[in-house]
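Breakdown of the fold
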Amino acid sequence: QVQLVESGGGLVQAGGSLRLSCAASGRTFSSYAMGWFRQAPGKGREFVAGVSWSGGSTYGADSVKGRFTISRDNAKNTVYLQMNSLKPEDTAVYYCAARVGWAPTGEEYEYDYWGQGTQVTVSS
């Protein structure tokens, strides 16, 4: 069982930056691949970025490549999402998720645990 708690969301102007954190409970954090997803108002949840259980491999959606960076610190049981050059279209609730296995995927149904989400609002 893993519990995930996101933090770091907020209101930022376009072009600004935010860093989201996701703290995980449990002793087996390094056994999970981690992902960040987001859900904008009136839209479905979409994959943003993922990181392998070692942190050695990362993946990002085309819409955030070059702007967002995912990383993890297994010693701190935490995964991060550094978001730079934010755009109004990045406004969404951001969720972190964990799946058993080495690699993340872009499919939300393949994740076993989810956080409660943190709101990110980017003003123009």
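Attention in this report is confined to the structure presented alongside it.

Rules and cut-offs
- Residues numbered from 1 in each chain as written.
- Predicted model: local features only at pLDDT ≥ 70, side-chain atom pairs only at ≥ 80, totals over all residues.
- Heavy atoms only, no water.
- Pairing = 2+ DSSP bridges.
- Helix = DSSP H or I, 4+ residues; strand = E, 2+ residues; numbered from the N terminus.
- Axes fitted to C-alpha atoms, helices over the stretch in contact; angles between N-to-C directions.
- Disulfide = S-S within 2.5 Å.
- Buried < 20%, exposed > 50% of the residue type's maximum accessible area, 1.4 Å probe, protein only.
- Salt bridge = Lys/Arg side-chain N within 4 Å of Asp/Glu carboxyl O.

**Brief notes about the sheet that holds strand S3 (residues 18–24)**
Spatial strand order, S1-S3-S8-S7: four strands in an open sheet with antiparallel pairing. In the strand order of this sheet, the two ends are held by strand S1 (4–7) and strand S7 (68–73), each with one partner. The mean inter-strand angle of the sheet, taken between neighbouring strand axes irrespective of direction, is 15°. Of the pairings in the sheet, the one linking S1 to S3 comprises four bridges and is antiparallel in character. In the strand pairing of S3, Ser 7 is matched with Ser 21.

**Digging into the state of the cysteines**
One pass over the structure, following the stated rule, counts one disulfide. Disulfide partner of Cys 22: Cys 96, at an S-S distance of 1.9 Å. When the S-S torsion is 40°, as for the bridge of Cys 22 with Cys 96, the disulfide is right-handed. Here Cys 22, found in strand S3, pairs with Cys 96, found in strand S9 (residues 92–100); they are 74 residues apart in sequence, far enough to count as distant. Assigned by exposure class, Cys 22 and Cys 96 land together as buried.

**Section: the pattern of salt bridges**
One pass over the structure, following the stated rule, counts six salt bridges. Of the charged contacts, one joins Glu 46 and Arg 38 as a salt bridge, the two residues approaching to 2.6 Å between their closest N and O atoms. Here Arg 38 falls in the buried class, since its relative accessible area comes to 6%. Note that Lys 65 and Asp 62 form a salt bridge whose closest N and O atoms lie 3.4 Å from each other. One exposure class covers both Lys 65 and Asp 62, and it is exposed. Here the salt bridges share partners, and the residues they tie into one network are Arg 38, Glu 46, Arg 67 and Asp 90.

Just geometry here; none of it tells us what the structure is for.
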